[in-house]
Structures are given as structure tokens and as C-alpha cells.
Amino acid sequence: MLNQQQKVIFSGAQPTGSMTLGNYIGAFQNWKQLEKDYQCYYSIVDLHSLTVKQDPETFRNTCLSFLAQYLASGLDTEKNVIFFQSHVREHTELAWLLNCYTYMGELSRMTQFKDKSERHQENINAGLFTYPVLMAADILLYKTNLVPVGEDQRQHLELSRNIAIRFNNIFGETFAVPDIYVGKQGAKIMSLQEPNKKMSKSDENQNAVIYMLDDDDVIVKKLKKAVTDSYNEILDRPEQPGVQNLLSIYSALSRKDREDVVNSFEGKGYGALKKEVAEIIIENVKPFREKYRLYMENSDYLENVYRSGADRAREAASKTMEDVREKIGLVSF
Ligand code: TYM
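Residues numbered from 1 in each chain as written. Predicted model: local features only at pLDDT ≥ 70, side-chain atom pairs only at ≥ 80, totals over all residues. Heavy atoms only, no water.

**Regarding the site of the ligand**
Short version of the rule: By convention in these notes, a residue is near a molecule or strand provided one of its non-hydrogen atoms lies within 4 Å of it. Counted as a polar contact is a pair of N or O atoms within 3.5 Å, where, for protein atoms, one must be capable of donating a hydrogen and the other of accepting one, and residues adjacent in sequence contribute only when both atoms are in side chains. All accessibility values rest on the Shrake-Rupley procedure with a 1.4 Å probe; residue burial counts only the protein chains present in the view. Think of a 1 Å grid over just the protein atoms. A cavity is a set of points where a 1.4 Å probe fits yet cannot get out, a pocket is an open set with protein on both sides within 12 Å along at least five of seven lines, and lining residues have an atom within 4 Å of a point. Put plainly, a molecule is in a cavity or pocket when over half of its atoms are within 2 Å of the grid points there. Runs of H or I in DSSP of at least four residues are treated as helices and runs of E of at least two as strands, each being numbered from the N terminus. Here the nonpolar group is Ala, Val, Leu, Ile, Met, Phe, Trp, Tyr, Cys and Pro; Asp, Glu, Lys and Arg are the charged ones; every other residue, Gly included, is treated as polar.
Among the 27 residues in the neighbourhood of the ligand, the closest are listed as Q14, Y131, D138, D152 and I189. In the environment of the ligand, a nitrogen atom lies 2.7 Å from a nitrogen or oxygen atom belonging to the side chain of D138. Taking Q153, its side chain carries an N or O atom lying 3.1 Å from a nitrogen atom of the ligand. In isolation the ligand offers 710 Å² of accessible surface; the protein chains occlude 97% of this area. Given that more than half its atoms are within 2 Å of the pocket grid, the ligand belongs to the largest pocket. Those elements that place two or more of their residues in the shell around the ligand are strand 1 (7-13), helix 1 (21-34) and helix 7 (126-140). A class-by-class count of the residues in the shell around the ligand yields twelve nonpolar, ten polar and five charged.

**Observations regarding the layout of surface pockets**
Definition in use: Grid points are joined across faces, edges and corners, and a volume is the space filled by probe spheres set on the points.
One number sums up the size of the largest pocket: a volume of about 1,500 Å³. Counting residues per element, the ones that place at least two in the lining of the largest pocket are strand 1, helix 1, helix 2 (46-49), helix 6 (111-119), helix 7 and strand 4 (146-148). The class makeup of the residues in the lining of the largest pocket is 16 nonpolar, 21 polar and 13 charged.

**Some details on empty space enclosed by the protein**
Counted under the stated rule, the structure contains two cavities of 30 Å³ or more. A volume near 60 Å³ is recorded for the largest cavity. What lines the largest cavity is Q112, F113, K116, L128, Y131, P132 and H156. Counting only elements with at least two residues in the lining of the largest cavity, the list comes to helix 6 and helix 7. Grouping the constituent residues of the lining of the largest cavity by class yields four nonpolar, two polar and one charged. Of the pockets and cavities examined, the second largest cavity occupies roughly 40 Å³. Lining the second largest cavity we find S191, L192, P195, A226, V227, T228, G242, N245 and L246.

**Considerations on the packing of helix 7 against helix 8 (residues 154-171)**
Defined as follows: Interaxial angles span 0 to 180 degrees and are taken between N-to-C directions of axes, which are lines fitted to C-alpha atoms, for helices over the stretch in contact. To sort the angles, those under 35 degrees are grouped as roughly parallel, those over 145 as roughly antiparallel, those from 65 to 115 as roughly perpendicular, and the leftovers as oblique. Handedness of a crossing is defined here by the sense of rotation of the near helix relative to the far one, left-handed for an anticlockwise turn of less than a right angle and right-handed for a clockwise turn. Pairs of residues are marked as contacts when any of their non-hydrogen atoms sit within 4.5 Å.
The N-to-C vectors of helix 7 and helix 8 enclose an angle of 65 degrees; their axes lie 9 Å apart at closest approach. By the angle class used here, helix 7 and helix 8 are roughly perpendicular. In this structure, helix 7 meets helix 8 at a crossing whose hand is right-handed. Between helix 7, through Y131, P132, M135, A136, I139 and L140, and helix 8, the contact on the second element is made entirely by H156, L157, L159, S160, I163 and A164.

**As for the packing of aromatic side chains**
To keep things clear, this is the line we draw: Put simply, two rings from Phe, Tyr or Trp (the six-membered ring, in Trp's case) pair if the centres are within 6.5 Å, and we call them stacked under 30 degrees between planes, edge-to-face over 60, tilted for the rest. Relative accessibility under 20% of the residue-type maximum defines a buried residue, over 50% an exposed one, and the middle range a partly exposed one, all with a 1.4 Å probe and only protein chains included. Working rule: Lys NZ or Arg CZ, within 6 Å of ring centre, within 35 degrees of ring normal, means a charge sits over the ring.
Under the defined criterion, the tally for this structure stands at 17 aromatic pairs. Ring geometry for Y250 and F265: centres 5.4 Å apart, planes at 85 degrees, overall edge-to-face. In this pair, Y250 is assigned in helix 10 (residues 241-254) and F265 in the loop between helix 11 (258-264) and helix 12 (270-296), connecting sequence segments 15 residues apart. Accessibility expressed as a relative area gives 1% for F265, which makes it buried. Of the aromatic side chains, those joined through ring pairs into one cluster are F10, Y41, F83 and Y142. Note that R237 overlies the ring of Y231, its terminal NZ or CZ placed 4.5 Å from the centroid.

**Some thoughts on the pairing of strand 1**
For clarity, the threshold we go by: Here, any two strands with at least 2 DSSP bridges between them count as paired. Classification remark: right-handed applies to a crossover when, strands pointing away from the viewer, the course from the first strand over the helix to the second runs clockwise.
Most of strand 1 sits out of view: five of its seven residues are buried. For strand 1 and strand 2 (residues 38-44), the ladder comprises seven bridges, and the chain directions are parallel. Paired with V8 across the two strands is Q39, which belongs to strand 2. In the classification by handedness, the crossover that spans strand 1, the intervening helix 1 and the parallel strand 2 is right-handed.

**Quick look at the side chain of R312**
Put simply, the rule reads: In this tally, Asp and Glu contribute negative charge and Lys and Arg positive charge; neither His nor the terminal groups of the chain are included. Each salt bridge in this description consists of a side-chain nitrogen of Lys or Arg and a carboxyl oxygen of Asp or Glu lying within 4 Å of one another.
By the secondary structure assignment, R312 is in helix 13 (residues 299-328). At 6.5 Å, E315 is the nearest oppositely charged side chain to R312, a buried residue that forms no salt bridge. Only 3.3 Å separates the side chain of R312 from the backbone oxygen of K79, close enough to count as a polar contact. Here R312 is in contact with M1, L2, Q39, T77, E78, K79, N80 and V81, once residues within four sequence places are set aside.

**Considerations on unusual backbone geometry**
The backbone of N232 sits at a positive phi, close to 55 degrees, despite the residue not being glycine. Summarising the element assignment, N232 is placed in the loop between helix 9 (216-224) and helix 10. A relative accessible area of 58% places N232 in the exposed class. Even without being a glycine, R255 presents a positive backbone phi close to 55 degrees. When you line up the elements, R255 lands in the loop between helix 10 and helix 11.

The values reported here are purely geometric and, on their own, carry no functional implication.
The following block contains the structure:
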């Protein structure tokens, strides 16, 4: 059953590679926290991943593995609607319509488009360019009020809001205008090797990224190699981005106030900081890994979750689409 009284959340992650600590802290931890008070739609946004070339067999497995990772992060499968984006065709339908209310100039300004087209020069496809419109469709389809994401998605969210406002101005109140929700801590977890750069799944340097399925010893090793600085003092200031990043990770995972965390490390060395950060990561990753394995062994259960998720999502999505089609002037059938 959908809870019609509660405000709506939509969020999603692209099923490529494996979930990172950045995804977990920037998104999943907050998703779990918010599930009590909102009707949440958490989608594995598989269509977004196709803007980069995928091997079909590997991709299918990665999508299922991502579903297991969603569940391993503890999301309630009864209350939340958990589904694959491609199973609810209304996403692509709405994306097309919204394309006609989005300007080339707006899309050209998207920094992720600029970054990605630089990184994938051999495949600058139209999907990469219109990606933020599909994202707007994901969100607006459910009349979403709140979108919990990491800081890197802010620009896309602003575009979604502008598209919603524009559409409502032309056709009357249709979409809710969504607010962004960014966690107080860890909205941007940085690379362990280049702490001025976001921690990203696609980083070629494996030491830069912690994956939620990394083994304990791998986590310890990556933390030992994490780049810091030569100040040798644990201070929370921009000149020490590596240290700041470790403090963010610690404070997000321990849910402790950042100031208290900084105070608790007073007088300690970088070795101690790295050790304690590794420990708290392992504390979170261990149960995640264990649950993940159980879910991956139970493909029937996974199928149940995504089928019922898609049914529930479709129920809400089809209502919005009926309204949108009617307002735009398409002949009903
Ligand atoms: P994606 O798959 O890159 O990342 C999923 C979520 O993880 C957050 N995130 C981070 N947070 C903190 N530090 C980091 N280093 C870090 N890396 C990633 C992201 O901000 C995101 O919240 N376009 C989206 C997927 C998407 C979506 C949507 C999200 C498609 N449609 C509708 C919200 C609503 C993306 O590529 O996320």
C-alpha cells in the first residue's frame, strides 16, 4: 500500500560498478533515515547508466547486485517502493515530453555533462546531454517533495525545479516543486588519493575509493595509503583537505557532531585518525557485506521486491501521466 498522506521522496543511484562509501554516506544513510516520515521511491536508475557503454550480461548482473546493495543498506522493503527505473515506462515517456520544455542552453551548462563528455570523448551521445531531463522526469513523476542526494546532484536538482515551475506556469499546478535534501555531514566524500576530487566509482585509482563490498584488510590498506599532508596536526580547515575528508567520514558514520569529533582527535597523530576511520568504516561495511551475500543468494526474493516495487511505482506514475497527457492536449485513449 502507498501512504497517500505522507510527503514524497524520490531518489536513485546508477547501477555501475559497485556502491562506494560516498554513495552510502551521501545518499543511502539518509534514505534509511528518512523512510519513516515519507513515502519513498528508491529506484535503481538503470536507464541512466546506458549513457555509458555497457556489456549486456555484466549490466544485468550489476543491476541485480545493486538491488541487493540497496537492501543491504537496510531499506524497508514493505514501506518503501524499490524498483528498476526501466520497469516503469512512464519515466521515458515523461522524459520525452519534458525535453520539449527544456532548453539546449540549460543542458549545456550542466557541469556533469561537461565532465562526462570530456571523459568519454569517443561516445558523447545525446543521452548524455539529455540525462538531466530523464532525472527530472524520475522526480516529477511521483510529485516528489524531497530528493535526498549528495552535493554533486545540486545543479541537476535545480534544473528539475525549473522544469516543474515552467510546466506548472504553462499548464497549471501539475508537479510538486522538489526540494533538495543534503546531509549535514558527508554530502561530498572526497577521493582518498586526491582529496580535492569527489570519491567516484569510475576512478581508475582503486586506492582512491572505498567500495561497500571491500574486504576489511583492503579497507585498512586503503586508509593507510590515504593522502594527508605534512602539518601533522588534526585540524578542520581547508588547507588540510585529506584530513577534513577523514573527519567527514568519521562524523557521518558515527553520527557525532563534527566539532566533538575534531576535539576527540586533539593531540593524536594521523596514524590514529586513519586507524579509527578504518574501524568505523568496517563497522558499517561488515553487516552490509553480510546482508548483501544473503540477498544475492535469494534471487526469488529479489525478484519479488522489484516486481512489487514496479507495480506500486506504476500506480502512482500512471496517474501523473494521465494528468500530463490531458493537460498537454494529447487525445486520450
Ligand atoms: P550516482 O549514481 O552517481 O550516485 C548516487 C548517490 O550518491 C551520491 N554520491 C555521493 N555523495 C557524497 N559523496 C560522494 N563522493 C558521492 N558520490 C555519489 C550522489 O549524489 C547520489 O545521491 N544522477 C544520479 C542518479 C539519479 C537520481 C535521479 C538521483 C537519476 N535520477 C533522481 C536523484 C533523483 C547519479 O548519477 O547518482
